[in-house]
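Observations on chain architecture
Residues per chain, in single letters:
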Amino acid sequence: MDLGFSPEQEAFRAELRGWFEANRWRAPVVPPYTDRGLRQHLDWEHTLFDAGYAAPGWPREVGGLGCDAWEQLIYDEEYARLGLPDRINKMGLVHGGPTVLAHGTAEQRDRWLPRILRCTDIWCQGFSEPEAGSDLAALRTTGRVEGDVLVVNGQKTWTTQGIIATTMFALVRTDPEAARHRGISFVVIDLDAPGVEVRPLRQLHGHPGFAEVFFTDVEVPLINVVGALGDGWRVARTSLQLERGTARGTHARLERSVDGLARAVRESGAEPGAVQRLGRLRAWTYAYTQAAYAATDLGADAAFSSMLKLTWSRTQTAIHEAHLAALGPAAEVVDSPDELTGMRRDYWHGRAAEIFAGSTEIQLSLVAEQGLGLPREPRA
Ligand SMILES: Cc1cc2nc3c(=O)[nH]c(=O)nc-3n(C[C@H](O)[C@H](O)[C@H](O)COP(=O)(O)OP(=O)(O)OC[C@H]3O[C@@H](n4cnc5c(N)ncnc54)[C@H](O)[C@@H]3O)c2cc1C
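Residues numbered from 1 in each chain as written. Predicted model: local features only at pLDDT ≥ 70, side-chain atom pairs only at ≥ 80, totals over all residues. Heavy atoms only, no water.

It is worth spelling out the overall build of the protein at this point. Along its length, the protein carries 11 helices and eight strands. In terms of C-alpha radius of gyration, the protein reaches 21 Å, essentially the compact-globule figure of 21 Å for 380 residues. With the C-alpha coordinates of the protein rotated into their principal frame, the extents come out at 70 × 50 × 45 Å. Taking all contacts inside the protein whose residues are at least 6 apart in sequence as the whole, residues at least 24 apart take part in 70%. (Helix = DSSP H or I, 4+ residues; strand = E, 2+ residues; numbered from the N terminus. Rg over C-alpha atoms; globule rule 2.2 N^0.38 Å. Contact = heavy atoms within 4.5 Å.)

Below is the structure:
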């Protein structure tokens, strides 16, 4: 068994590293929720697209780079190593687009994928509702079939990128009589359509990255349903699995965070316990990296995906807590009272990772049920 990278893989890494280093954005990255920030992110996306680097995992025939799982991992490692900007169309590139590739028609692929790739459309995910989060099948937004349209009514919430998105992939209940997981459809909604209202939500760290989205008699063409009408739960599972999956490049981001923590500990003079804490976090991060490699090699079943999600989100919080402790009172200094920056921002952003893509408590139950065969606990 050869555990090293092949010469071809090393050459691919060197090519990417050279290109990322030569082309990366050098000005400070501005969050994409202002005109300036959005322009900056779109410029970066267009630079990636022009070089053919926008969608490493998509097949070449739809404009991707056609990477296999290891090449994708190398791409993610090099991207994370330099701390390059978050991809603003991640929901389209990593979740929505691949779901359309897996379940959509040829016409849907032709219509949507090029626009995701070029960021002509920015996609967001409309699954959660005020009464449907962990228990997603409780969703109440309805889609009534009338001729060749679905008339959508209801509300989605916690919509990441909702304020800059043009398009939402959503779950709506199209058959209220069917059992909970049936009668749900996966549909792509144009957010400029009459009857859609997007209201920004400000997050704890100050950034208005979220939205709640209201639908009042919104007419969505039936040709926007992905998969069969009423079969949306099966389609959504692909998207949810992609979201939970190996959380692309997370191991490299954790390693970068531990390096940052080591610098902070060195600079601040270690307070009691800091060095041991750092050693422990380095060990956890190393173990997580090996698990991410195993998932790349063998694939990850549902229980393994949950273990990965659980481990990276908790490790990330532990690194941020240790970093705040190392910074001491300096961590409390903020540039603006309305918007947290630096490690305080990273900490709160990281805490959210223990909620999205399935909360810590839900992952713990899934590992026990699917990994150890324990009986399923009723979900709240
Ligand atoms: C940063 C961020 C980005 C997000 N982006 C999106 C997005 O783009 N699109 C989208 O659709 N959604 C998004 N979400 C929503 C996310 O999917 C939900 O927040 C998540 O599913 C939890 O649902 P909830 O908030 O309704 O909490 P609830 O489900 O009400 O849970 C509340 C608490 O109860 C616990 N709990 C619930 N059920 C159980 C159980 N059976 N056993 C033990 N404990 C339980 C949970 O762990 C949690 O601590 C995002 C969330 C965050 C934080």
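Moving on from the model shown.
Around the ligand there are 19 residues in total, and S128, S134, T160, S359 and E361 lie nearest to it. Between the ligand and the protein, one listed contact pairs an oxygen atom with a side-chain N or O atom of E361 at 2.5 Å. Look at the ligand: alone it shows 970 Å² of surface, and the protein chains cover 72% of it. Tallied by class, residues from the shell around the ligand come to 10 nonpolar, seven polar and two charged. (Near = heavy atom within 4 Å. Polar contact = N/O pair within 3.5 Å; in protein donor to acceptor, adjacent residues only side chain to side chain. Areas by Shrake-Rupley, 256 points an atom, 1.4 Å probe, with all protein chains shown as cover. Nonpolar A, V, L, I, M, F, W, Y, C, P; charged D, E, K, R; others polar.)

Counted under the stated rule, the structure contains 18 salt bridges. Residues R199 and E197 are paired through a salt bridge, measuring 2.9 Å at the closest nitrogen-oxygen approach. Residue class for E197 comes out partly exposed when judged on its relative accessible area of 38%. Through salt bridges that share partners, E10, R13, R17, E21, E77, E78 and R81 make up one connected network. (Salt bridge = Lys/Arg side-chain N within 4 Å of Asp/Glu carboxyl O. Buried < 20%, exposed > 50% of the residue type's maximum accessible area, 1.4 Å probe, protein only.)

Bringing the nonpolar core into the picture now. In globular proteins that are soluble, nonpolar side chains generally tend to be buried together. One finds L171 and F186 to be the most contacted residues of the largest nonpolar core, which totals 26 residues. Each of domain 1 (7-88) and domain 2 (123-230) contributes no fewer than three residues to this core. Those residues within four positions of F186 in sequence are excluded, and the remaining contacts are T99, F127, F169, A170, L171, N224, V225, V226, G232, V235 and A236. V152, L191, V196 and V220 belong to the second largest nonpolar core, which has 20 residues in total. (Core = buried A, V, L, I, M, F, W, Y, C linked by side-chain atoms within 4.5 Å. Domains from an automatic or database assignment.)

Axis angle and axis distance: for two packed helices, these are the angle between their axes and the distance between the axes, and together they describe the pair. Across the interface, helix α9 (residues 302-327) lies against helix α10 (residues 342-352) with an axial gap of 9 Å and an inter-helix angle of 155 degrees. Overall, the two elements α9 and α10 adopt an arrangement that is roughly antiparallel. Considering the relative orientation of α9 and α10, their crossing is left-handed. Counted together, Q316, T317, H320, E321, H323, L324 and L327 of α9 and M343, R344, D346, Y347, G350 and R351 of α10 form the full contact between these two elements. Broken down by class, the residue content of the contact of α9 with α10 amounts to four nonpolar, five polar and four charged. (Axes fitted to C-alpha atoms, helices over the stretch in contact; angles between N-to-C directions. Parallel < 35°, antiparallel > 145°, perpendicular 65-115°, else oblique. Left-handed = near helix turned anticlockwise from the far one by under 90°.)

Further remarks concern the domain arrangement of the protein. Partitioning the protein into domains gives domain 1 (7-88), domain 2 (123-230) and domain 3 (245-372). In this complex, domain 1 contributes six residues to the contact, which on the side of domain 2 involves six residues. Surface buried jointly by domain 1 and domain 2 totals about 520 Å² across both partners, of which 69% is contributed by carbon and sulfur atoms. Per-residue buried area on domain 1 facing domain 2 is highest for P31, Y33 and I88; these three make up 82% of the total on that side. In this structure, the connection of domain 1 to domain 2 is made through zero salt bridges. For the pair domain 1 and domain 2, the number of links is two residue pairs in polar contact (both at pLDDT 80 or more). A breakdown of the residues in the side of domain 1 that touches domain 2 according to their chemical character gives five nonpolar, no polar and one charged. (Buried area = accessible area lost by both parts, 1.4 Å probe.)

Within strand β4 (residues 167-173), seven of the seven residues are buried, leaving the element largely enclosed by the surrounding structure. Bridge analysis of strand β1 (residues 123-126) against β4 gives four bridges, and the strand direction is parallel. The residue bridging C124 from the neighbouring strand is M168, located in β4. In the sheet, β4 pairs with strand β5 (residues 184-190) via seven bridges, with the strands oriented antiparallel. Considered in β5, the bridge of T167 is made with D190. (Pairing = 2+ DSSP bridges.)

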